[in-house]
Amino acid sequence: GKRAFANNDMLENVIINNNNQLKIIEFNAFDGCINLSDFDFSKLNNLEIIGAQAFMRCENLLIVDLSSLTSLTEIGNEAFSQCVFTNIELPINLTTLGLGALSYCNSLYNIEVVEGNSKYKSIDGVLLSKDGTELIAYPAGNASNSYIFSESIINISNYAFIGASNLENITFSSSLEKIGYGAFAFCSSLGEIVLPESIREIGSGAFYGCNLTSVKF
């Protein structure tokens, strides 16, 4: 249930039976389990939903393997926020990735998607919509100091780059129309931006917590 094991700093491993019938991991179920290091997602063959903040602040969870979970369709808001894994592969039937689901994962450098997923795709470890028009999530642990947007990108999702502190330079596409709220929040190394003429909307707090010295339209 909700908050079932939340803030249990003694919990280190969760043993999952091969014949389990678990379909939902509820809201905040393991939130704040800072010593949880062993959770075998691959055995959750019937899992459909990972709730909001379910594994938030699991600071020792180094491996999150969702790639084989063909029943998983939804990962809730901030579900894995502030976790430390370096790589994640989203499963084939996932259609909903909640806001900030991978936010502040400062070690995450690669987001992959199982081939055949109808909603998402990955290019160079960055999560995009299947049609390539929306950038959904940039891994905050990416060591690169620059990012050049594909010309196909029209929208940048809410919180897409939040906490990507290595980014110093970004080059927007000339077709970009919308920057979502909090999209570049706390990108603390970002020094200046040049916005394209095509831009129509910049969301609340889009560049909150940045140290911008120059903004050009």
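Since the structure is predicted, the reported quantities are computational estimates derived from the model, not experimental observations.

Draft legend 1. Spotlight on the pattern of salt bridges. Scanning all chains against the criterion turns up 1 salt bridge. R57 is the partner of D31 in a salt bridge, and the nearest nitrogen-oxygen pair spans 3.0 Å. One end of the pair, D31, is in the loop between β2 (24–25) and β3 (38–39); the other, R57, is in the loop between β4 (49–50) and β5 (74–75), with 26 residues separating them in the sequence.

Draft legend 2. Layout of the sheet that holds β5. With respect to topology, 4 strands assemble into an open sheet ordered β2-β4-β5-β7, the strand pairing being parallel. Only two strands of the sheet have a single partner each, and these edge strands are β2 and β7 (96–97). Looking at chain direction, β2 and β4 are connected through 2 bridges and run parallel. Note on β4: the bridge partner recorded for I24 is I49.

Draft legend 3. Fine view of the side chain of N158. With respect to the helices and strands, N158 occurs in the loop between β13 (155–156) and β14 (169–171). Side-chain polar atoms of N158 contact the backbone nitrogen of Y181, separated by 2.9 Å. Here N158 is in contact with L99, G180 and Y181, once residues within four sequence places are set aside.

Draft legend 4. Spatial organisation of the nonpolar core. Formed by 40 residues in total, the largest nonpolar core has its most connected members in F30, F39, F41, F55, L66, I75 and F80. Put simply, the parts of the chain that give this core at least two residues each are β6 (87–90), β8 (110–113) and β11 (134–137). Each residue touching F41, except ones within four places of it in the same chain, is listed here: F55, L61, I63, V64, D65, L66, L69 and F80. Counting residues in each nonpolar core, the second largest holds 26 residues, with L135, I179, A183 and F207 among its members.

Reading guide: rules and limits
- Residues numbered from 1 in each chain as written.
- Predicted model: local features only at pLDDT ≥ 70, side-chain atom pairs only at ≥ 80, totals over all residues.
- Heavy atoms only, no water.
- Salt bridge = Lys/Arg side-chain N within 4 Å of Asp/Glu carboxyl O.
- Helix = DSSP H or I, 4+ residues; strand = E, 2+ residues; numbered from the N terminus.
- Pairing = 2+ DSSP bridges.
- Polar contact = N/O pair within 3.5 Å; in protein donor to acceptor, adjacent residues only side chain to side chain.
- Contact = heavy atoms within 4.5 Å.
- Core = buried A, V, L, I, M, F, W, Y, C linked by side-chain atoms within 4.5 Å.
- Buried < 20%, exposed > 50% of the residue type's maximum accessible area, 1.4 Å probe, protein only.

Everything listed is a geometric property; what it means functionally is a separate question.
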